[in-house]
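# Descriptive structure summary
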Amino acid sequence: MLDVQSLSKSYDTKRILDTISFTINPGEIVGLVGENGAGKSTLLHILAGLTKLGSGAITLNSQSYESKPKKIRRHIGFVPQEIALWENFTVKENMVFFERLAWNNTSKKALKQLCSDMGLDKWDEPVKILSGGMKRKLNIAISLIHAPDLLLLDEPTAGIDLKSRKEIGAYLSNLAKINGKMILYTSHDMDEIMQLCDQIYCLGNDPFYHQVLKEYGQQPVLL
Ligand SMILES: Nc1ncnc2c1ncn2[C@@H]1O[C@H](COP(=O)(O)OP(=O)(O)OP(=O)(O)O)[C@@H](O)[C@H]1O
């Protein structure tokens, strides 16, 4: 379980996250919504161990971020908003490159299977010729190489077509429901969030988002 208690974060004097608390259970997909600048990426970066928290406490499977940061990092997969791939390398070369940086050893066969499970079958093609949707899928596949328990996705379907969105959604659903992963997901697409997520949290005080959530039949859970 991911347990976030009274987490706050400021940049200079600007308070971005203000004593937020929530949990994510194994098998659960949580959607995070909110206006631009509400702090969604900041929260994901803190949970990925890339940005220091200001105050509060976070534990993953009962281990504290503060006392076991390196150990915790092994159990987290993070897909940033920006696609981060080697454009001149093939899909296979990207997977092998990132596998070497991972903590566990994964065979090429298993890496290829990871890609094809996600509907990415261009194993020997250079990344630069892939569509945006395929690049997104590869980014997600890379984040899963070390078999993390917690997967953090920052707008993983931004700018991609409906079919790829559906494929990614189905894949993430299986990861949660069959493999028991915890998934935290940001998106500006409310339909997608509604379809995919078991729980929706709203960051920030913009009444527009509270209203939209109500229109979708959701009592907004405000962080
Ligand atoms: N490294 C930083 N230094 C100072 N301010 C920052 C830094 N990173 C983010 N911010 C500020 O923190 C606030 C929250 O940014 P963040 O990117 O987390 O929002 P967001 O909800 O992810 O927005 P979007 O929906 O546009 O991606 C913004 O005002 C941003 O300018």
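Small disclaimer: the values here were computed from a predicted structure and weren't measured.

This part covers the overall build of the protein chain. Looking only at helices and strands, one finds 8 helices and 10 strands in the protein chain. Relative to its length of 223 residues, the protein chain is compact, with a C-alpha radius of gyration of 17 Å against a globular reference of 17 Å. The C-alpha extent of the protein chain, read off along each of the three principal axes, is 45 × 40 × 35 Å. Of all intrachain contacts in the protein chain linking residues separated by at least 6 positions in sequence, the fraction that spans at least 24 positions is 67%.

With that out of the way, let us pick up the site of the ligand. The environment of the ligand is made up of Tyr11, Ile16, Gly34, Asn36, Gly37, Ala38, Gly39, Lys40, Ser41 and Thr42. Of the residues in the shell around the ligand, the class split is 3 nonpolar, 6 polar and 1 charged.

Turning to the packing of helix α3 (residues 91–101) against helix α5 (residues 132–143), a few remarks are in order. Between α3 and α5, the least distance of the axes is 10 Å, while the angle of their chain directions is 25°. With respect to their mutual orientation, α3 and α5 come out roughly parallel. You can see that α3 and α5 cross each other, and the crossing is right-handed. Residues Val91, Asn94, Met95 and Phe98 of α3 pack against Leu138, Ala141 and Ile142 of α5. The residue inventory of the contact of α3 with α5, partitioned by class, reads 6 nonpolar, 1 polar and no charged.

Our next topic: the sheet that holds strand β2 (residues 14–24). Strand order in the open sheet formed by 4 strands is β2-β1-β4-β5, with antiparallel pairing between adjacent strands. The open sheet has two edge strands, β2 and β5 (63–64), and neither has a second partner. Relative to strand β4 (residues 55–60), strand β1 (residues 2–11) runs antiparallel, the two sharing 5 bridges. Bridged to Ser8 within β4 is Ser55. Of the strands in this sheet, β1, β2 and β4 are in contact with helix α1 (residues 40–47), which crosses β2 at around 60°.

Averaged over every residue, the pLDDT of the protein chain is 92; residues scoring 70 or more account for 100%. Here the prediction assigns the complex a pTM of 0.93, and the interface score ipTM is 0.95.

Let's shift gears to the pairing of strand β6 (residues 76–79). Across the two faces of β6 the burial is the same, with Ile76 and Phe78 and Gly77 and Val79 all buried. Relative to strand β7 (residues 150–154), β6 runs parallel, the two being bridged by 4 bridges. Opposite Ile76, over in β7, you have Leu150 as the bridge partner.

Each value, and the rule that gives it
Residues numbered from 1 in each chain as written. Predicted model: local features only at pLDDT ≥ 70, side-chain atom pairs only at ≥ 80, totals over all residues. Helix = DSSP H or I, 4+ residues; strand = E, 2+ residues; numbered from the N terminus. Rg over C-alpha atoms; globule rule 2.2 N^0.38 Å. Contact = placed C-beta atoms within 7 Å. Near = placed C-beta within 6 Å. Nonpolar A, V, L, I, M, F, W, Y, C, P; charged D, E, K, R; others polar. Axes fitted to C-alpha atoms, helices over the stretch in contact; angles between N-to-C directions. Parallel < 35°, antiparallel > 145°, perpendicular 65-115°, else oblique. Left-handed = near helix turned anticlockwise from the far one by under 90°. Pairing = 2+ DSSP bridges. pLDDT = per-residue confidence, 0-100. Buried ≥ 20, exposed ≤ 12 C-beta atoms within 10 Å, placed from the backbone.

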